[in-house]
Amino acid sequence: MSSKPAKPSATSKNISSLLQEKRVFPPPSEFSARAHLKSMAGYRKLWKESVTRPESFWGKQARQELQWQRPFKKVLQWKEPFARWFVGGQLNVSANCLDRWLGTATANKAALIWEGEPATDGKPGEERVLTYAQLHREVCRFANVLKRQGIGRGDRVLLYLPMIPEAAIAMLACTRIGAVHSVVFGGFSAQSVADRIQDSGARLVVTADGGYRRGAVVPLKKNVDEALVLQGPDGERLAKSVEKVVVVRRCGNEVHMAEGRDLWWHRELEYVTPVCPAARMDSEAPLFILYTSGSTGKPKGILHSTAGYLLGAKLTSKYVFDLRDEDVYWCTADVGWVTGHSYIVYGPLANGATAVMYEGAPNWPEADRFWRIIEKYRVSILYTAPTAIRAFMKWGDEWPKKHDLSSLRLLGSVGEPINPEAWMWYHSVIGGGRCPIVDTWWQTETGSIMISPLPGVTPTKPGTATLPFFGILPEVVDDQGRRVPKGSGGKLVVRKPWPSMLRGIWGDPKRFKEVYWSEVKGSYFTGDGCRCDEDGYFWIVGRIDDVLNVAGHRIGTAEIESALVSHPSVAEAAVVGRPDELKGQALVCFVTLKSGQKASADLKNTLRNHIGKEIGPVAKPDEIRFAEALPKTRSGKIMRRLLKQVASGVEIRGDTTTLEDLSVLAKLSAAED
Ligand code: WT7
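Summary of the structure given here. (Residues numbered from 1 in each chain as written. Predicted model: local features only at pLDDT ≥ 70, side-chain atom pairs only at ≥ 80, totals over all residues. Heavy atoms only, no water.)

### Digging into the overall build of the chain
Stated precisely, the cut-off is as follows: Helix and strand definitions here come from DSSP, where helices need a minimum of 4 consecutive H or I residues and strands a minimum of 2 consecutive E residues; each element is numbered from the N-terminal end. Every residue pair with non-hydrogen atoms within 4.5 Å of one another is taken to be in contact. The sign given to each residue is positive for Lys and Arg and negative for Asp and Glu; His and the chain ends receive no count. By convention, charge coordinates are those of NZ in Lys, CZ in Arg, CG in Asp, or CD in Glu.
From N to C terminus, the chain includes 21 helices and 31 strands. Considering only contacts within the chain whose residues lie at least 6 apart along the sequence, 71% involve residues at least 24 apart. Taken as two groups, the 90 positive and 74 negative side-chain charges of the chain have centres that lie 5 Å from each other.

### Brief notes about the pattern of salt bridges
Between side chains of opposite charge, a pair can form when the charged atoms approach closely. For clarity, the threshold we go by: One speaks of a salt bridge when a side-chain nitrogen belonging to Lys or Arg is within 4 Å of a carboxyl oxygen belonging to Asp or Glu. Working definition: with a 1.4 Å probe on protein chains only, accessible area under 20% of the residue-type maximum means buried, over 50% means exposed, and in between means partly exposed.
Following the criterion strictly, the structure yields 47 salt bridges and no others. Residue R372 pairs with D368 through a salt bridge whose shortest N-O separation is 3.3 Å. The exposure class of R372 is partly exposed, given its relative accessible area of 41%. Of the charged contacts in the structure, one is a salt bridge between K510 and E514, with a shortest N-O distance of 3.8 Å.

### Quick notes on the site of the ligand
Where we set the bar: Throughout this document, a residue counts as near a molecule or strand when at least one of its heavy atoms sits within 4 Å of that molecule or strand. What qualifies as a polar contact is a pair of N or O atoms within 3.5 Å, subject to a donor-acceptor requirement within protein and to the restriction that residues adjacent in sequence count only when both atoms come from side chains. Residue type decides the class: Asp, Glu, Lys and Arg count as charged, Ala, Val, Leu, Ile, Met, Phe, Trp, Tyr, Cys and Pro as nonpolar, and the leftover types, Gly among them, as polar.
Lining the immediate environment of the ligand, one finds 17 residues, of which D439, T440, T444, D528 and R554 sit closest. Contact between the ligand and Q443: an oxygen atom at 2.9 Å from a side-chain N or O atom of the residue. Contact between the ligand and R554: an oxygen atom at 2.7 Å from a side-chain N or O atom of the residue. When residues of the shell around the ligand are traced back to their parent elements, those giving at least two are α12 (338–350), β20 (437–440) and β25 (538–543). Considering only residue class, the shell around the ligand consists of six nonpolar, six polar and five charged.

### Details of the sheet that holds strand β19 (residues 410–414)
Stated precisely, the cut-off is as follows: When DSSP finds two or more bridges between a pair of strands, those strands are recorded as paired. Between the N-to-C directions of two axes lies an angle of 0 to 180 degrees, each axis being a line fitted to C-alpha atoms and, for a helix, fitted only over the stretch in contact.
Judged by pairing direction, the sheet is mixed, and its seven strands sit side by side in the order β5-β4-β17-β16-β18-β19-β20 without closing on themselves. A strand with exactly one partner marks an edge of an open sheet, and here the two such strands are β5 (127–131) and β20. Strand-to-strand, the axes of this sheet are offset by a mean angle of 20 degrees, without reference to chain direction. Inspection of the sheet shows strand β18 (residues 381–384) paired to β19 by four bridges, in the parallel sense. Residue pairing for β19: I381 is matched across the bridge by L410.

### Considering the pairing of strand β29 (residues 584–593)
Note the threshold: For a crossover, the right-handed case is the one in which the path from the first strand over the helix to the second runs clockwise, viewed with the strands pointing away from the viewer.
Most of β29 is tucked away: eight of the 10 residues are buried. As judged from the 10 bridges shared by strand β28 (residues 570–580) and β29, these two strands associate in the antiparallel manner. Bridge pairing in β29 links V576 to V588. In this structure, the hairpin formed by β28 and β29 is closed by a connection of three residues. One ladder, built from four bridges, connects β29 with strand β30 (residues 623–629); its direction is parallel. When the bridges of β30 are listed, F590 appears paired with R625. With helix α19 (residues 601–614) bridging β29 and its parallel neighbour β30, the resulting β-α-β unit is right-handed.

### Considerations on the packing of helix α18 (residues 557–565) against α19
Here is the rule: For any pair of crossing helices, the crossing counts as left-handed if the nearer helix is rotated counterclockwise from the farther one by less than a right angle, and right-handed if it is rotated clockwise.
It is the contact of α18 with α19, at a shortest axis distance of 9 Å, that shows an interaxial angle of 115 degrees. Remark: the crossing between α18 and α19 carries right-handed chirality. For the pair α18 and α19, the contacting residues are I560, A563 and L564 in the first and L607, H610, I611 and E614 in the second. Within the contact of α18 with α19, the residues separate by chemical class into five nonpolar, one polar and one charged.

### Details of the sheet that holds strand β21 (residues 474–477)
Pairing is antiparallel in the open sheet, where four strands are placed in the order β21-β22-β24-β25. For this open sheet the edge positions go to β21 and β25, each flanked by a neighbour on one side alone. Adjacent strand axes in the sheet meet at a mean angle of 45 degrees when their direction is disregarded. The pairing of strand β22 (residues 489–494) with strand β24 (residues 524–532) spans five bridges and is antiparallel. Residue pairing across strands places G489 opposite R531, the latter belonging to β24.

Put into structure tokens, the structure is as follows:
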């Protein structure tokens, strides 16, 4: 591989000329000198070993990295597609994240540095620092609160919280007593909360009176109240499994507290002690459920289990982020997504690292929030998403330039392919040309990072997640499952099981097999398209199923279509993505109306709000277009490919509410049938 040292550039102006050169960025030598792994040869050797003898590799790592209450007997029991890792072993996740640091210097080190959203009157946000010892105490206390409410092993607990320390505390408290948490992102609606309670059978909900977002209060408790009375088609309450709701006082806004059902977090703490032994959990005990969108139906409850997940989160945090004692590490995701689970909570804490947690938006009250926080806490590792990076580029270089970002030493990207322009900007304007970038590819299902450069080791190229992590064997294949030649596109699959892989879809083993293990024989199917270059680097192209990636959020077109047709005015709906400069993809809905209904701007608004109510504000479409009819094949399938073209290609001018006659297009391309 040819590599030219990259000269740092100070502005975004010369980025396009830099990109022309198709450079390779060798790892900075002062970085390599201190990295956990020193050389590409070292990486290749260890990777080769790890995939040739995976059981010996993973067994060794599991013994080395995790603290066991009982050692495991067998590394892997594999009966495709069901894996059992570290069979016979027992351990506790919260003990591995917290107790193991007590009695060491790490006990009095910051585990979480929390920064609240600044107040509307311009006052700075609150800040709270929890050392490992303090976090341990809070987790034990809340674990006792859960126990006092009769929650124990295997019980599901739904968490619907803002980005406050209580979110991490509640997650860890669940793991302490063997309860299974299911975190629901605060941007989802009451309906989504109700659906997830119904599917998971959660007995207890932890929420807050509200959360701050751009100066406004998100009424989380009110949404929960609504969720608890929603009914399904059979007239039964969806959330009937819920017995108790614990409410964190965050905003101080007025909320309704139902007698006998709703409890204040701070009050409940008065009844408990800070002593709570960590439950001995089997390696394969369910750890958490996290709902994510698929190409059909309602979101799937992705199930992760104890030992394998923790090992994946810990090991990747250590190597991909090169975590060191003195680092201040900041992952800007929300704990409602898997990134927040693995790389705000479990990965960093299992490594004894200091993690920053920020409650608010990147541009509130001003576009320099992130840079202010980096300067304030001397953040050394920043992990964020391409959609945010593109927004920062648009807001202008002057915002980061106002701040001292010299503490940064490593930058990470996750959630969608990062376009080379954004990569270069991140590298030069934020990283000052000196910080390696780790473009990390993974999924809710994979539990931890699968493909990524190792900083200080892997030469990087803008736009590729580069090479697989240890023990991971990804391949790009054709429809028959054969590996395609270098340079050709195909489906991205993973050939061998790995410890942090999903164990199933909650309550639906059949769907688990169908979605992930039927597309390509003997392999895990990712749903992504990919290409491998001459150096074996993986270039992820994006989803090839009916899942969209809007601003790093995964959204199933089927869910939005079903929300649309549940509105009385709508006859049919088709939802597609179109390329968007900032969000990666934008969401475009084509809608036909029932007879007697008139297309209008008002109706568009109504439909947008309807989707907000059915799924949540995160799913509100960018565009709704009314059509006379939807283009269909002779067998009645909606021609999405065509709609995608219409959505991306046609400029909409003038009165956008007039009906489009797309049936014409259908006639033109009937050959597709
Ligand atoms: C999908 C998974 C993994 C945490 C965040 C999203 C896309 C993710 C990358 C990347 C290209 C990426 C894929 C994947 N994706 N990271 N570095 N390069 N694409 O988790 O919601 O489960 O979404 O995000 O399409 O399948 P998720």
